[in-house]
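Structural overview for review
Listed here are the chains, written in short residue letters.
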Amino acid sequence: MSVIEIKKGIYSVGAIHWDRRLFDELVPTPDGTTYNAYLIKGSEKTALIDTVDPEKTHILIRNLKHLNVKRIDYVIANHAEQDHSGSIPTILEMYPEAKVVTNAKCKGMLMDLLTIPEERFMVIKDRESISLGDRTLQFIFAPWVHWPETMFTYLEEDRILFTCDLFGSHFATSRLYANEDEKVLEDAKRYYAEIMMPFRVQIKKYLDWVEELSPEIIAPSHGPLWKNPDFIIRAHREWVSDSFKNIVLIPYISMHHSTKQMVEYLADALVERGIEVSLFNLTVTDIGKFAIALVDAPTMVLGAPTVLVGTHPAAIYAAYLTNALRPKLKYVGIIGSYGWGGKAVDHIKAQLSSLRVELFEPVLSKGVPGDEDFKNLDKLAEEILKKHKELGLK
Ligand code: FEO
């Protein structure tokens, strides 16, 4: 990313990672990402807010050289994860007078993760401010978006809120500001689903804080900036809300088409009852699309065949991921085919231990599904309809 001036003396100096396709070796990023870092020149001091992933340190350095930055007084670390902190050691070498400004928890993590020596830190408290001369940075502790040490930095005079991971999107773009279009929203929702959904409760509180602060610009550390903060705040309000869509997600895997027959039958039975369905064949699905769908769904039915005596590993992965993402899901069903018995239901239930969900009676077919199995799938569809009606879904 080239240097972009946001306001006089405030620059975007981060990097675009156009071809990154996986984050944390787990999260799909089909549209790449950016690591946003910001340089703020005050009349007396200069601050760098966050850095970039170590793979892109050279771009950050090039940008700082381009701006002829001779001195950095403060490197603000809003988050210890290496995609934002990983270039701090290089910056500290280049700018020996610079102090890493962060909270005590983040300091400990940066010492562990990057072996930054203790004397390079300046520890600040919640809501404490530092002056850059004619500009003031206030630090707002906001744990758990994404790790326990996360915080925001607010540039008071210019009303820019730097939120690091929160309000980010994995979207490689050379544009500074987000267009308010469907693509931008989809990437932001994917990011929320893959990264932020487990922290829904904390985010609800932070949305209130941010609205109260009423920043002019929200500047996250991934993806474009929000010139109209209302747009992204409203989207998050919807995602973290307790409301649902009238939809059933059916992630499934099928080895010899028996489970698939059951999945397709159930899908039709639900559609006939006015319920939307979304099927995810786990052998081909971008798991991020499944995560996005989990944001709004009250019900998931996992289609899981038995391999030997246990559940197919792909179904275990889907259940494990669902559990880890902690969606607002209320109901779970399990359907599938088995050969000679097994513990599929126990295995799946064990993976869902963090979710407060009600489990429907599983529908398991010995071999290919027969009349009795299809009747049970009809019953399951009826039961789901009843539960959705109770939620007021139409
Ligand atoms: Fe973008 Fe949690 O780091």
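Residues numbered from 1 in each chain as written. Predicted model: local features only at pLDDT ≥ 70, side-chain atom pairs only at ≥ 80, totals over all residues. Heavy atoms only, no water.

Moving on to the overall build of the protein chain. Along the backbone of the protein chain there are 12 helices and 24 strands. In terms of overall dimensions, the protein chain has C-alpha extents of about 80 × 40 × 35 Å along its principal axes. Looking at the 394 residues of the protein chain, the share that counts as buried comes to 58%. For the protein chain, the share of sequence-separated contacts (at least 6 apart) that also reach a separation of at least 24 residues comes to 72%. (Helix = DSSP H or I, 4+ residues; strand = E, 2+ residues; numbered from the N terminus. Buried < 20%, exposed > 50% of the residue type's maximum accessible area, 1.4 Å probe, protein only. Contact = heavy atoms within 4.5 Å.)

Moving on, we get to the domain arrangement of the protein chain. We note that the domain assignment places domain 1 (4–240) and domain 2 (249–388) within the protein chain. Computed over C-alpha atoms only, the centres of domain 1 and domain 2 are separated by 38 Å. Contacts between the two partners involve 15 residues from domain 1, matched on the other side by 15 residues from domain 2. Here domain 1 packs against domain 2, burying approximately 1200 Å² in sum over the two surfaces, 63% of which is carbon and sulfur. Contact with domain 2 buries surface across domain 1, with Lys-189, Arg-190 and Met-197 losing the most and accounting together for 39% of the total. Connecting domain 1 to domain 2 are two salt bridges. The shortest N-O distance in the salt bridge between Asp-286 and Arg-190 comes to 2.5 Å. The interface formed by domain 1 and domain 2 includes three residue pairs in polar contact (both at pLDDT 80 or more). Elements represented by at least two residues in the side of domain 1 that touches domain 2 include exactly α5 (182–196) and α7 (229–240). Among the residues forming the side of domain 1 that touches domain 2, the class breakdown is nine nonpolar, no polar and six charged. (Domains from an automatic or database assignment. Buried area = accessible area lost by both parts, 1.4 Å probe. Salt bridge = Lys/Arg side-chain N within 4 Å of Asp/Glu carboxyl O. Polar contact = N/O pair within 3.5 Å; in protein donor to acceptor, adjacent residues only side chain to side chain. Nonpolar A, V, L, I, M, F, W, Y, C, P; charged D, E, K, R; others polar.)

A word on the nonpolar core. Membership of the largest hydrophobic core comes to 91 residues, with the highest contact counts inside it found for Ile-72 and Leu-110. The element that contributes the greatest number of residues to this core is α5, accounting for seven residues. Three or more residues apiece are contributed to this core by two domains, here domain 1 (4–240) and domain 2 (249–388). Not counting residues within four places of it along the chain, the set of residues in contact with Leu-110 comprises Ala-77, Ala-80, Ser-85, Ile-88, Val-100, Thr-102, Thr-115, Ile-116 and Phe-121. Ile-10, Ala-47, Met-151 and Leu-155 belong to the second largest nonpolar core, which has 23 residues in total. (Core = buried A, V, L, I, M, F, W, Y, C linked by side-chain atoms within 4.5 Å.)

On to a negative patch on the surface, then. Judged by side-chain charge, Glu-44, Asp-134, Glu-156 and Glu-157 come together as a negatively charged surface patch. Along the chain, the position of Glu-157 falls in the loop between β14 (151–155) and β15 (160–164). On the accessibility criterion, Glu-157 (42% relative accessible area) is partly exposed. (Patch = residues over 30% accessible without salt bridge, like charges linked within 9 Å, V, L, I, M, F, W, Y side chains within 5 Å. Areas by Shrake-Rupley, 256 points an atom, 1.4 Å probe, with all protein chains shown as cover. Lys, Arg positive; Asp, Glu negative; His and termini not counted. Charge placed at Lys NZ, Arg CZ, Asp CG, Glu CD.)

On to the sheet that holds strand β16 (residues 217–220), then. Here five strands make up an open sheet; going across it, the order is β12-β13-β14-β15-β16 and the pairing mixed. Of all strands in the sheet, those bounded by a partner on one side alone are β12 (129–131) and β16. Strand-to-strand, the axes of this sheet are offset by a mean angle of 20°, without reference to chain direction. Note: β14 against β15, three bridges, orientation antiparallel. (Pairing = 2+ DSSP bridges. Axes fitted to C-alpha atoms, helices over the stretch in contact; angles between N-to-C directions.)

Here we come to the environment of Met-255. Along the chain, Met-255 turns up in the loop between β17 (247–252) and α8 (258–272). Look at Met-255 and you get partly exposed, because its relative accessible area is 38%. Note: C-alpha distance between Met-255 and Thr-306 (51 residues apart in sequence) is 9.2 Å.

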